[in-house]
Amino acid sequence: MSTSSLPRDVSAALRPDGDWVARFADDVIAEADRRGPGRQIVCASGISPSGPIHLGNLREVLTPHFVADEIRRRGRDVVHLLSWDDYDRFRRVPAGIDPAWAEHVGRPLTSVPAPPGSPYPNWAEHFKAPLVAALDVLGVEVRAVSQTQMYTSGAYSEQVLLAARERARIDAILGRYRTKQVVHQDADDDGSGAATEDDGGSAFGYFPFKPYCAHCNRDTTTVTAYDDATTAMTYVCEDGFTETVLLRDFRRGKLVWKVDWPMRWAYEAVVFEPSGVDHQSPGSSFVVGGQIVREVFGAEPPIGPMYAFVGISGMSKMSSSRGAVPIPLDALQIMEAPLLRWLYVRRRPNQSITVAFDQEVQRLYDEWDALARRVATASTGAEVPTGEVAGYLRSVGTATTLLESTPRPLPYRTLASVADVTTGDPVQMVRILRDLDPEDPVISLDEVRPRLDKAAAWVATYLPADQRTHVVATPDAELLASLDEQQRNALRLLLDGLQTHWSLEGLTSLVYGVPKVQEGLPPDAAPTPELKATQRAFFALLYRLLVGRDTGPRLPTLLLAVGADRIRQLLTPPP
Ligand SMILES: [Zn+2]
């Protein structure tokens, strides 16, 4: 079936409930109604564009996306805020970037030049752009908020003054956790927020606001004096620069992370915002933020589930050579948007997930196609677990959009084999695809796009060179000459049957049937250990003669790809 042909009324017939998304939506709606009935419901994500925004960070966005989308499906007014923490300091120069960028450490991410060759105006924009592009493909609708814009425009002025006034109280809250010696100090810079940032200790006592120096624009500053009555603040920079400013008019600095985050929960009235495991240990920013938002900003923390890590398979060589981890656009090169959404929605946030760049992607696609078939039959009354149906419906579209899908979703592994044996040649690909099913031939590659393009990209980028298929240029004369009578006979049976079996189904029964005929068994004989051994030996011989190895893509696909004339040439023993 085609996902695009999923009848509109299926979404109505199959209510997407019974999964974690529906349960969080229940909780968030109840909580929002308790806090402020009739108000727009706010779900939020926060991303620091300090480097490549990887597939783990995508969970920070997709988790609230699914919940907000479900709230929208229920007809409620909801917004998904994406807070860009682009006013965070540049913390270190990542591998692969000119060491000269060390000069910018301590400056806001929006004041650091983009990496060489980038078309973007600064570091933050350079790393935001690919995520924004991926979210668009994934059908994720967000309202982006730049923290640089918010802080430098003075939007948070009142909140900054409040935090300054309440510094002793904030210091006391932080102190409860400091004494436990569990504050997270060693987390790596994973782009998910400033988990390790200085929490605001200073020479004259605790101060929760960090100025960027007027001379060097770095946050290598220490506040040395603050007057509550006038809001006069004096700071000194490591470079010796010092000045006294009025905090109420000052626009070049920000609250330290552990105060900044709860301030924004209050400012935006956030009801749902998940966070990564590094933000949820005792003494970490989510836990401390929950105290600060209540005791200082007079608001409540969001419902905030912890989401687990996202693993990657099949990218280890790749990532070490590029000095980077894969980003969502990399995954979208090899898989369609609905499949990537499904990988994130089918598991609860606290379960880890894996995005496959290796052979596993083929198995995931098989599983996805099987689910699509089950959902299609469910619309006619068959039983499918509601959680699975919900996961499917949330993957193929949102409350407002049905995502692009492949009109004729042939198995990914078949398309990958076709792209592999033809090295992506469109004329050859369409010839093979036409022959797959002569009853209902593929006429144009557009019928199998975009899935075909994803499978072809996977073959070209991630299939190891030693696993690619190269059809041999000339017959293996030596091997052909060495065949015994039984082997010659098997090849003859295959060649004689080619014309009448020229389809995926026909060739499948032919290659399995030849050994049966040889063993004197009927075509529908059940497999025995002896028969299986004969089949394996026959397949290995065919692979040897066609591609010079003992294994290869599924034989029927390979035979269709090689073509009948070429098969005869490569498989005919000398007389
Ligand atoms: Zn300075």
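Residues numbered from 1 in each chain as written. Predicted model: local features only at pLDDT ≥ 70, side-chain atom pairs only at ≥ 80, totals over all residues. Heavy atoms only, no water.

1. Some details on the overall build of the chain
Tallying secondary structure elements over the chain gives 23 helices and 12 strands in all. Expressed as lengths along the three principal axes of its C-alpha atoms, the size of the chain is roughly 105 × 55 × 40 Å. Every one of the 575 residues in the chain was classed for burial, and the buried ones make up 52%. Expressed as a percentage of contacts within the chain between residues at least 6 apart in sequence, the contacts between residues at least 24 apart total 72%. Accessible surface computed for the chain: about 24,600 Å², of which carbon and sulfur atoms make up 52%. Charged side chains of the chain number 60 positive and 73 negative; the gap between the two group centres comes to 2 Å. (Helix = DSSP H or I, 4+ residues; strand = E, 2+ residues; numbered from the N terminus. Buried < 20%, exposed > 50% of the residue type's maximum accessible area, 1.4 Å probe, protein only. Contact = heavy atoms within 4.5 Å. Areas by Shrake-Rupley, 256 points an atom, 1.4 Å probe, with all protein chains shown as cover. Lys, Arg positive; Asp, Glu negative; His and termini not counted. Charge placed at Lys NZ, Arg CZ, Asp CG, Glu CD.)

2. Details of the coordination of the zinc ion
Within the protein, Cys 213 (SG), Cys 216 (SG), Cys 237 (SG) and Asp 239 (OD) serve as the donor atoms for the zinc ion, at 2.2 to 2.3 Å. If you look at the zinc ion, its 4 donor atoms make angles of 99 to 120 degrees with each other, and the shape they trace is tetrahedral. For the zinc ion, the single-chain donor residues occur in sequence as C-x2-C-x20-C-x1-D. Judged by relative accessible area, which is 5%, Cys 237 ranks as buried. (Donors = N, O, S within 2.8 Å, 3.2 Å for Na, K, Ca; no water. Tetrahedral: all angles 85-135°; square planar, octahedral: opposite > 155°, others 65-115°.)

3. Concerning the sheet that holds strand β5 (residues 221-226)
Read from one edge of the open sheet, 3 strands run β5-β6-β7, paired in antiparallel fashion. In this open sheet, the two strands that pair with only one neighbour each are β5 and β7 (242-246). The average undirected angle you get between the axes of adjacent strands in this sheet is 25 degrees. Across 5 bridges, the pairing between strand β6 (residues 232-237) and β7 is antiparallel. (Pairing = 2+ DSSP bridges. Axes fitted to C-alpha atoms, helices over the stretch in contact; angles between N-to-C directions.)

4. Let's talk about the pairing of β6
The buried count for β6 comes to 5 of 6 residues, which makes it a mostly enclosed element. As paired strands, β5 and β6 are joined by 5 bridges and run antiparallel to one another. When the sheet's bridge partners are listed, Tyr 226 is paired in β6 with Met 233. Hairpin connection, β5 to β6: the antiparallel pair is bridged by 5 residues, and Thr 231 has positive phi, about 65 degrees. Where β6 folds back onto β7 in an antiparallel hairpin, the turn is made up of 4 residues, including Gly 240, whose phi is positive at roughly 95 degrees.

5. A word on helix α15 (residues 412-421)
When you tally the buried positions in α15, you get 10 out of 10 residues, the bulk of the element. Among all positions of α15, only Tyr 412, Arg 413, Thr 414, Leu 415, Ala 416, Ser 417, Val 418, Ala 419, Asp 420 and Val 421 are buried. Contact partners of the buried residues in α15: α11 (328-334), α13 (360-378), α16 (426-436), α17 (451-462) and α22 (555-562).

6. Examining the side chain of Asn 122
Residue placement: Asn 122 occurs in the loop between β2 (78-84) and α4 (123-137). Contact partners of Asn 122, with chain neighbours within four places excluded, come to Leu 109, Thr 110, Val 112, Pro 113 and Ala 114.

7. Focus on the environment of Lys 254
Tracing the chain through its elements places Lys 254 in strand β8 (residues 253-255). The exposure class of Lys 254 is buried, given its relative accessible area of 5%. Along the primary structure Lys 254 and Asp 219 are separated by 35 residues, whereas in three dimensions their C-alpha atoms are 9.6 Å apart.

8. Concerning the confidence of the model for the chain
Averaged over all residues, the pLDDT of the chain is 90; the fraction at 70 or higher stands at 90%. Confidence drops under pLDDT 50 across residues 1-14; counting only partners more than four residues distant or on other chains, this segment forms 26 contacts. Scored below 50 in pLDDT, residues 181-196 makes 38 contacts in the model with residues more than four places away or belonging to other chains. (pLDDT = per-residue confidence, 0-100.)

9. Some words on the packing of aromatic side chains
Counted by the stated rule, this structure contains 24 aromatic pairs. Measuring from centroid to centroid gives 4.9 Å for Phe 90 and Trp 123, while their planes differ by 65 degrees, and the two rings are edge-to-face. Linking Phe 90 in the loop between β2 and α4 with Trp 123 in helix α4, this pair joins segments that are 33 residues apart in sequence. With a relative accessible area of 1%, Phe 90 lands in the buried category. Members of the aromatic cluster, each reached through a chain of ring pairs, are Tyr 87, Tyr 151, Tyr 156, Tyr 212 and Tyr 267. Arg 346 extends its terminal NZ or CZ atom over the ring of Trp 342, reaching a point 4.3 Å from the ring centre. (Phe/Tyr/Trp six-rings, centres within 6.5 Å; stacked < 30°, edge-to-face > 60°. Lys NZ or Arg CZ within 6 Å of the ring centre and 35° of its normal.)

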